[in-house]
Amino acid sequence: MKSVVDILNDRISAAMVRVTGRQDCAAIVRSATDPRFGDYQANGVMALAKQIKTNPRKLAEEVVAQLDLSDICEPPEVAGPGFINLRLRPEYVARELLRITSDKDRLGMEKGSEPQTIVVDFSSPNVAKQMHVGHLRSTIIGDCIWRLLEFQGHTVVRQNHIGDWGTQFGMLIRYMYQGAKVSHMHGATTVFSVVDLSDMEEFYREAKRLFDADPQFAEESRRYVVKLQSGDRTALDDWRLICDTSLSECQTIYDRLGVQLTRDDVRGESFYNDKLPTVVADLKKAGLATESNGAVCVFPPGFKTKEGEPLPFIIQKSDGAYLYATTDLAALRYRVNVLQAGRIVYVTDARQIQHFQMLFKVAEMAGWNQRDGKAVGLVHVTFGSVLGEDGRPLKTRSGENVKLKDLLDEAVERARAVVQEKNPDLPPEQKAKIAEAVGVGAVKYADYSNNRTSDYVFSYDKMLAMDGNTAPYMQYAYARVKSIERKAESRGVSIQDDLRDLQNLDLSEPTELDLGKHLVRYAEAIESAAADYRPNYLTSYLYELAQKFSAFYTECPVLDAPPDKRPTRLLLCDLTARTIKHGLSQLLGIQVVEQM
RNA sequence: GCGUCCGUAGCUCAAUUGGAUAGAGCCUCGGUCUUCGGAACCGAUGGUUGGGGGUUCGAGUCCCUCCGGACGCACCA
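Predicted, not measured: the structure shown is a model, and the values here were computed from it. (Residues numbered from 1 in each chain as written. Chains lettered and ligands numbered in written order. Predicted model: local features only at pLDDT ≥ 70, side-chain atom pairs only at ≥ 80, totals over all residues. Heavy atoms only, no water.)

1. Regarding unusual backbone geometry
Step number 1: Even without a glycine there, the phi angle at A128 is positive, about 80°.
Step number 2: Looking at where A128 falls in the secondary structure, it is placed in the loop between β5 (117–121) and α5 (133–151).
Step number 3: According to the relative accessible area criterion, A128 is buried, its value standing at 0%.
Step number 4: Positive phi, normally seen in glycine, also occurs at Y533, with a value near 55°.
Step number 5: Within the fold, Y533 resides in the loop between α19 (522–531) and α20 (535–555). (Helix = DSSP H or I, 4+ residues; strand = E, 2+ residues; numbered from the N terminus. Buried < 20%, exposed > 50% of the residue type's maximum accessible area, 1.4 Å probe, protein only.)

Below you can see the structure in the form of structure tokens.
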């Protein structure tokens, strides 16, 4: 079953073909810009009229004459310079609502006809540092993207490309021996316990301080890097311990954020260590890599340095070490050839845009984006910065990065205060649960509801506000529907019984029809969010849904409705609740609560 | 200096990629109110989309040019 837009697009395009005899006719059906124009509008006729140099309005009339949409819409109207306005018939909306309501898991969303294997690369924190606000967006936007893509029917492979290799690890390992008051430079097994590393941040800071201050420490650190790279057992064991400890801290954050990354998704920089020489060798062999000032470089066309010289994509430093670029190339090959990706989506901040443009270009030059003669889609999904109230990147008062844990704690604490104020009689453990759902949800929702490409100002007050496009507003709308269900139960009304034999809906109240029409369009919202990797399309949809529900709820009694109206209204409530729950929890990873 | 992105109501943000009279929320003002949960609903005020020019049936969106901002520009990731 296709979505309404798809059907309308198909039929109107076909009518355009019949009228003009041209093959490439796009109807361009969009949501109407104003409810007075109907529910949808087709804009394609005007563009077509321009191409074939005819009167757009007249062409629109001819297309409408060739059009039969009577099973879906009221008679289409031509307006303005050549818009075709479409209004859904209540009978059609009713039919769709019945169909969607019986579609328990997918709520009317059809799986795509061309499923791909898609690799989504996101989160990617650095080992040995606590996750901070700079990791928030990649982590949650990436999580939402894979959920959207998977729901569309794709096979999605998550990749957490953590920073777990390089000079800093020599430094950390060297520091481990110093921190543990044990002389243990050449033992066979490590004596360090996880407890020793519990405060990774402090550990890292101290190691860095010594590295910068003490030449001997630095020199010994470098020796550990060499040991690591040559596969020394002890060094590797200790390195693994650092990674494990650090990752389990990350995992706590992921779990709390409702982000479904696990250890299985971790494939960090270290994983590609042994594949780096081949990358360089192959690019040399292909004649793409050349030596310049002692470094091995590829010069993709179209990039310039400050001085106007060709800008290199450096894959091996003059001292022989490999870089970020090399690892990314190795990862790209692995994803194409081993993971069999048909598309790779990288979720990183916008500052890396040039790096990825160069990476994609080099991959293309080497033909590494090809498999079985088909080009693998390479997509860089970027996002802006999280700013403080002062408009500068969000920092603590002392100028450090805000730890994700502290940020979430603060949000939850504020949510707890609100719950306490509004609903003091709930059992404490329930209040705690609500506060966690609302606080964490608010942080995530605020991020998702902004256009990801722009910077946004982080404000606890705004994200926890009850009014407006916020998590608490959505969660409250959900709790209200659930409250009706509870009330129904206590009155002995069985919703399932009411809905079971429902054949026709009565959508005669304007707020009923308005809500119904919106419910029918859930799949559309998901498709557009997935197509552009933009969660804010989904939050907008959900917000409108909650608003339309609130209007309906104010206007139309449900349990006290006349017997012939009640089943329709129960269905609207039920489907609203399921849609909000699905959108929030399945696609955005934000918890809903039955009461708040 | 070059490149990329951005500038939308007093504030925080939208605008489905060239569609109709640029929408929300906060703020301010007014209304609904002993409710199936008022953490609600309805309405009003508020705009030369940074300035100027251009492209066309139509521009916040595309092009040019100023002004202002963020980021990036050879061995960090």
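Alright, that's what it looks like, and here's the rest.
2. Structural notes on α20
Step number 1: Between the first and last C-alpha of α20 there are 30 Å, a value that for 21 residues agrees with the 30 Å anticipated at 1.5 Å per step.
Step number 2: Considered for burial, the residues of α20 that qualify are P535, N536, L538, T539, Y541, L542, Y543, L545, A546, F549, S550 and F552.
Step number 3: Lining the buried residues of α20 we find α5, α14 (428–449), α16 (471–490), α18 (510–519), α19 and α21 (566–587). (Expected span 1.5 Å × (residues − 1). Contact = heavy atoms within 4.5 Å.)

3. Quick word on the packing of aromatic side chains
To describe a pair of aromatic rings, you give the distance between the ring centres and the angle between the ring planes.
Step number 1: Scanning all chains against the criterion turns up twelve aromatic pairs.
Step number 2: Between the aromatic rings of F549 and Y553, the centroid separation amounts to 5.7 Å while the plane-to-plane angle is 45°, which identifies the pairing as tilted. You can see F549 and its partner Y553 sitting in helix α20, four residues apart, about one turn around the helix.
Step number 3: According to the relative accessible area criterion, Y553 is partly exposed, its value standing at 30%.
Step number 4: Following the ring pairs from residue to residue traces out a cluster consisting of F271, Y272 and Y334.
Step number 5: When the ring centre of F151 is taken as reference, the NZ or CZ atom of R106 above it lies at 4.2 Å.
Step number 6: Just above the ring of W146 sits the side chain of R158; from NZ or CZ to the centre is 4.4 Å. (Phe/Tyr/Trp six-rings, centres within 6.5 Å; stacked < 30°, edge-to-face > 60°. Lys NZ or Arg CZ within 6 Å of the ring centre and 35° of its normal.)

4. Examining the sheet that holds strand β3 (residues 77–79)
Step number 1: Read across the sheet, four strands follow the order β1-β2-β4-β3 without closing on themselves; strand pairing throughout is antiparallel. Here the strands that pair on one side only, and so sit at the sheet edges, are β1 (29–31) and β3. On average, each strand axis in the sheet is tilted by 35° relative to the strand beside it, whichever way the strands run.
Step number 2: Where strand β2 (residues 40–42) and strand β4 (residues 83–86) come together, three bridges link them in antiparallel fashion. Bridge pairing in β4 links Y40 to L86. (Pairing = 2+ DSSP bridges. Axes fitted to C-alpha atoms, helices over the stretch in contact; angles between N-to-C directions.)

5. Considerations on the nonpolar core
Step number 1: Membership of the largest hydrophobic core comes to 134 residues, with the highest contact counts inside it found for L97 and V120.
Step number 2: Here this core spans two domains, and each of domain 1 (4–88) and domain 2 (167–261) adds at least three residues to it.
Step number 3: Beyond its immediate chain neighbours, meaning those up to four positions away, L97 contacts L505, L507, G516, L519, V520, L571, L572 and L575.
Step number 4: Counting 33 residues, the second-largest nonpolar core is a separate cluster that includes V298, Y334, F356 and F360. (Core = buried A, V, L, I, M, F, W, Y, C linked by side-chain atoms within 4.5 Å. Domains from an automatic or database assignment.)

Function cannot be read off these values alone, since they describe shape.
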